[in-house]
There are 2 protein chains.
Amino acid sequence: METRELRYFVAVAEELHFGRAARRLGIAQPPLSRAIAQLERRLGTVLLERDSRGVALTGSGHVLLREGRTVLAAVAAAEARTRRAGQPPGLVLAAKAGASTELLAALLDAYAARPDPVPVDLRLCRFGEQSRLLREGAVDAALLHLPFDTTEGLDSEELHTEGRVALLPAGHPLAARPALRLAELAALPHLPAPRFPRRDGSYPDGPGPEIRDTTQLSQLVALGRMHAVLPESARSQLRPGVAVVPVLDAPPVTTVLAWDPAARSRPLAGLVRTAVEVFGGGGPNGVVVDGS
Amino acid sequence: METRELRYFVAVAEELHFGRAARRLGIAQPPLSRAIAQLERRLGTVLLERDSRGVALTGSGHVLLREGRTVLAAVAAAEARTRRAGQPPGLVLAAKAGASTELLAALLDAYAARPDPVPVDLRLCRFGEQSRLLREGAVDAALLHLPFDTTEGLDSEELHTEGRVALLPAGHPLAARPALRLAELAALPHLPAPRFPRRDGSYPDGPGPEIRDTTQLSQLVALGRMHAVLPESARSQLRPGVAVVPVLDAPPVTTVLAWDPAARSRPLAGLVRTAVEVFGGGGPNGVVVDGS
DNA sequence: CGGGGGCGATACCCGGCGGGTATCGGTCTA
DNA sequence: TAGACCGATACCCGCCGGGTATCGCCCCCG
């Protein structure tokens with residue numbers, strides 16, 4: 001099975017329409033039909049049910065869609081990691097823009113003070129993007145925030161755990177309170193919670209605005225369009241017009257440094273070791289040694 | 001990047017010799033040279049250092065070898081799982097030949113008594129093979145034995161934990177003892193421990209014989225060529241000429257049922273649920289629902 | 001010191017396959 | 001019932017992956 005065939009199949013399986021899939025792939029429809037038919041012949045399985053007026057996935061089709069996506073992701077990661085291994089040494093670290101600023105500064109300072117530092121490029125991301133970049137091999141390590149991100153399939157090291165605060169428009173009745181509970185915030189009909197992107201980039205349904213980054217977030221709070229519940233460290237990047245009140249019963253947020261478990265780069269090992277030394281933490285969740 | 005290119009590169013990287021790699025791939029050497037050169041051009045990286053008289057991997061080459069192997073494994077798994085999803089329903093369960101026999105029987109009986117059973121094919125494996133078959137998508141589930149196998153990247157459910165016994169040639173001085181310690185066994189110069197295959201199928205160095213399956217193992221013990229430390233349940237498949245003595249300080253063996261975390265097949269979910277119900281166990285390590 | 005052998009790269013050719021356009025057959029809709 | 005929509009088929013072309021022959025280089029050996 002060639003990756004080209006997989007790309008074609010995934011496109012059709014996602015569009016459920018040969019014409020659209022072909023357009024998305026930048027080819028004509030007939031070669032696409034032929035390629036899928038050939039793939040089905042080679043696998044000895046029907047992948048798509050064509051009942052004129054549309055296309056549906058068979059059981060095998062569902063399986064191949066899922067497996068094919070992971071294969072294509074692995075291929076993209078392989079390309080990116082190989083390409084970057086050929087570049088002059090240097091680490092790329094992904095972090096959510098406008099979050100964990102002090103922690104990030106402390107980590108980078110401590111790493112730069114090591115005996116053998118390499119240049120560290122910072123890749124500031126929108127919500128949830130770090131995890132994707134890490135899995136795609138576009139970055140060497142990422143600062144993730146549990147429980148929003150997941151470390152599944154990654155090695156990670158816990159750096160810091162903190163409580164949560166509510167961001168409210170200044171002057172809002174609740175803004176004067178010494179502390180809040182989630183239920184009180186949920187009861188505000190005209191001040192909905194924001195909607196954050198899911199793992200695949202789509203947004204859940206609901207009344208709140210769709211959020212991509214922190215500046216957008218604090219602006220919408222200041223404008224009185226929503227409230228938000230963020231980690232305490234969000235205090236450091238406050239803007240006028242936004243009030244902050246601790247939330248007692250929101251689950252705490254843990255900032256972790258995560259990296260590819262298969263990585264064997266010495267600079268990455270240095271960064272991880274620095275993180276362990278600076279932030280103590282609950283012991284490493286994986287090991288890095290030697291190499292490239 | 002096409003899987004063909006990856007297969008070619010992995011072959012060259014493993015052989016470190018274009019001619020041999022080409023022979024292994026069943027093509028001539030020049031197209032192989034050209035394909036690798038083209039891959040390097042597309043990635044913008046040198047993968048191999050050719051200094052006449054041989055080939056060596058560069059840093060990027062090492063990375064691509066590692067990544068490429070995982071990609072090719074993922075592709076093989078995708079093909080196998082898709083193909084099997086197209087077959088009439090049925091589960092394939094991998095188990096070590098001659099191990100966990102009673103447990104296996106109990107599991108299969110209980111599953112067959114469910115309201116919605118499908119036929120279960122049993123795939124009896126040599127040591128360590130189950131894990132590979134599972135990861136390759138050739139089977140739906142496997143009985144693994146911790147700490148010999150690893151459940152990394154798999155979902156699993158603990159079924160049973162048991163102590164260890166030593167297998168000794170009947171008539172051996174230690175065979176009459178009520179119990180033993182590992183140190184006593186290690187001190188037997190003419191009765192070495194067997195060597196079991198590693199994850200990649202190779203064997204560690206050492207004095208003992210290389211072991212592939214349990215019949216071979218008990219035969220070698222009976223012939224006085226080695227001793228072995230096995231789970232208690234090995235008693236059930238004893239042969240004449242072999243004595244069994246409990247070992248007090250060997251780490252216990254846990255039998256787990258493992259499966260692909262991404263699997264969504266209803267029959268597999270039924271098998272897992274059966275395992276949970278029959279063996280109680282420490283709660284599931286993953287969830288299975290719905291589908292194909 | 002010169003020739004031969006081993007190895008990867010290059011040159012060149014051919015056939016198949018991936019891509020294109022044109023068109024068909026079937027079905028739903030206006 | 002005509003037309004639109006959609007996937008399959010027919011057919012053609014150019015490129016690329018595969019082949020053979022040969023080169024260039026280096027090492028080794030006589």
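Residues numbered from 1 in each chain as written. Chains lettered and ligands numbered in written order. Predicted model: local features only at pLDDT ≥ 70, side-chain atom pairs only at ≥ 80, totals over all residues. Heavy atoms only, no water.

Peer 1: What's the story with the relation of the copies chain B and chain A in this structure? I'm lost.
Peer 2: The pair of chain copies shares a relation made of a rotation about an axis and a shift along it. After a rotation of 180 degrees and a shift along the axis of 0.0 Å, chain B superposes on chain A with an RMSD of 0.2 Å. What we have between these two chains is a two-fold relation. (Least-squares fit on C-alpha atoms with pLDDT ≥ 70 in both.)

Peer 1: I keep staring at the protein's contact with DNA strand D and nothing clicks. Help me out?
Peer 2: What surrounds DNA strand D is a group of 19 residues, the closest being A:Q29, A:S33, A:R50, B:A28 and B:R34. In the interface set of DNA strand D, defined as its atoms within 4 Å of the protein, sugar plus phosphate atoms amount to 62%. With respect to DNA strand D, the backbone of A:F18 contributes an N or O atom lying 3.3 Å from a phosphate oxygen. The contact in question runs from a base nitrogen of DNA strand D to an N or O atom on the side chain of A:Q29, over 3.0 Å. Those elements that place two or more of their residues in the surface near DNA strand D are α2 (18–25) and α3 (29–43) of chain A together with α1 (3–15) and α3 (29–43) of chain B. Its residues assigned to classes, the surface near DNA strand D comprises eight nonpolar, seven polar and four charged. (Near = heavy atom within 4 Å. Polar contact = N/O pair within 3.5 Å; in protein donor to acceptor, adjacent residues only side chain to side chain. Helix = DSSP H or I, 4+ residues; strand = E, 2+ residues; numbered from the N terminus. Nonpolar A, V, L, I, M, F, W, Y, C, P; charged D, E, K, R; others polar.)

Peer 1: Just to check I follow, could you spell out the interface of chain B and chain A for this structure?
Peer 2: Put simply, an interface is often sized by how much accessible area is lost when its parts join up. With 31 residues of chain B at the contact, the number on the chain A side is 31 residues. Both sides of the chain B and chain A interface together cover about 2,600 Å² of buried area, and 58% of this is carbon and sulfur. For the pair chain B and chain A, the number of links is five salt bridges. Joining chain B to chain A, the criterion identifies 18 residue pairs in polar contact (both at pLDDT 80 or more). Only α1, α3 and α4 (59–86) of chain B provide two or more residues apiece to the side of chain B that touches chain A. Broken down by element, the residue count for the side of chain B that touches chain A peaks at 17 residues, all from α4(B). Its residues placed into classes, the side of chain B that touches chain A shows 13 nonpolar, seven polar and 11 charged. (Contact = heavy atoms within 4.5 Å. Buried area = accessible area lost by both parts, 1.4 Å probe. Salt bridge = Lys/Arg side-chain N within 4 Å of Asp/Glu carboxyl O.)

Peer 1: Would you mind showing me how to read helix α5 (residues 101–112) of chain B here?
Peer 2: One full turn of an α-helix is made of 3.6 residues, so residues set three or four places apart face in the same direction. All names here are of chain B. Taking 1.5 Å per residue as the helical rise, α5 with its 12 residues ought to reach 16 Å, and the 16 Å between its terminal C-alpha atoms agrees with that figure. For α5, the set of buried residues is L103, L104, L107 and Y111. The buried residues of α5 occupy one face: seen down the axis, they fall within an arc of 100 degrees. Exposed residues pointing more than 90 degrees away from the buried face of α5 are listed as D109 and A112. (Expected span 1.5 Å × (residues − 1). Buried < 20%, exposed > 50% of the residue type's maximum accessible area, 1.4 Å probe, protein only. Arc of directions from axis to C-beta.)

Peer 1: Could you clarify how one ought to interpret the domain arrangement of chain A in this entry?
Peer 2: All names here are of chain A. As assigned here, chain A comprises domain 1 (3–83), domain 2 (88–162 + 253–279) and domain 3 (164–247). One C-alpha centre belongs to domain 1, the other to domain 2; they are set 34 Å apart. Taken residue by residue, the interface counts four residues in domain 1 and six residues in domain 2. Summed over both partners, the interface of domain 1 with domain 2 buries about 340 Å², with 44% contributed by carbon and sulfur atoms. Among the residues domain 1 hides against domain 2, the three largest losses belong to A77, A80 and R81. Together they make up 88% of the total. Here D260 ties to R81 by a salt bridge, and the two come within 3.5 Å at their closest N and O atoms. (Domains from an automatic or database assignment.)

Peer 1: Sorry if this is basic, but what is going on with the side chain of A:Q130 here?
Peer 2: Residues and elements named next belong to chain A. Positionally, Q130 belongs in helix α6 (residues 129–135). For Q130, the side chain forms a polar contact with the main-chain nitrogen of G128, separated by 3.4 Å. Every residue in contact with Q130, bar those within four places of it in the chain, is listed here: A94, A95, K96, C125, A142, L143, L144, H145 and D149.

Peer 1: Even after reading the chapter, I still don't get the pattern of salt bridges, so can you show me in this structure?
Peer 2: Side chains that differ in charge, positive against negative, can pair when their charged atoms come close. Residue and element names in this part refer to chain A. This structure, assessed with the given rule, holds 35 salt bridges over all chains. The residue R83 makes a salt bridge to E79 at a minimum N-O spacing of 2.8 Å. With R83 and E79 both in helix α4 (residues 59–86) and four residues apart, the pair spans about one turn of that helix. With a relative accessible area of 18%, E79 lands in the buried category. What emerges from the salt-bridge pattern is a single network uniting E14, E15, R20, R24 and R69.

Peer 1: So what exactly am I meant to see when it comes to the sheet that holds strand β10 (residues 253–259) of chain B here?
Peer 2: Remark on secondary structure: sheet strands pair via backbone hydrogen bonds, oriented parallel or antiparallel. Residues and elements named next belong to chain B. The mixed open sheet is built from five strands, whose spatial order is β4-β3-β5-β10-β6. On the outer flanks of this sheet lie β4 (120–125) and β6 (155–162), each paired with one strand and no other. Across the sheet, the mean angle separating the axes of adjacent strands is 25 degrees when strand polarity is ignored. Sheet topology note: the strand β3 (residues 91–96)/β4 ladder contains six bridges and is parallel. By the bridge assignment, A95 is partnered in β4 with L124. Strands in contact with helix α9 (residues 266–279) are β3, β5 (141–146), β6 and β10; relative to β10, the strand with the most contacts, it is inclined by about 155 degrees. (Pairing = 2+ DSSP bridges. Axes fitted to C-alpha atoms, helices over the stretch in contact; angles between N-to-C directions.)

Peer 1: I keep staring at the protein's contact with DNA strand C and nothing clicks. Help me out?
Peer 2: Neighbouring DNA strand C are 19 residues; A:Y8, A:A28, A:R34, B:S33 and B:R50 lie closest to it. Protein-adjacent atoms of DNA strand C, using a 4 Å cutoff, are sugar or phosphate at a proportion of 59%. Contact distances for DNA strand C include 2.9 Å between a phosphate oxygen and a side-chain N or O atom of A:Y8. Between DNA strand C and B:R50 there is a distance of 2.7 Å, counted from a phosphate oxygen to a side-chain nitrogen or oxygen. Breaking the surface near DNA strand C down by element, the ones donating at least two residues are α1 (3–15) and α3 of chain A together with α2 (18–25) and α3 of chain B. When grouped by side-chain class, the residues that make up the surface near DNA strand C number eight nonpolar, seven polar and four charged.

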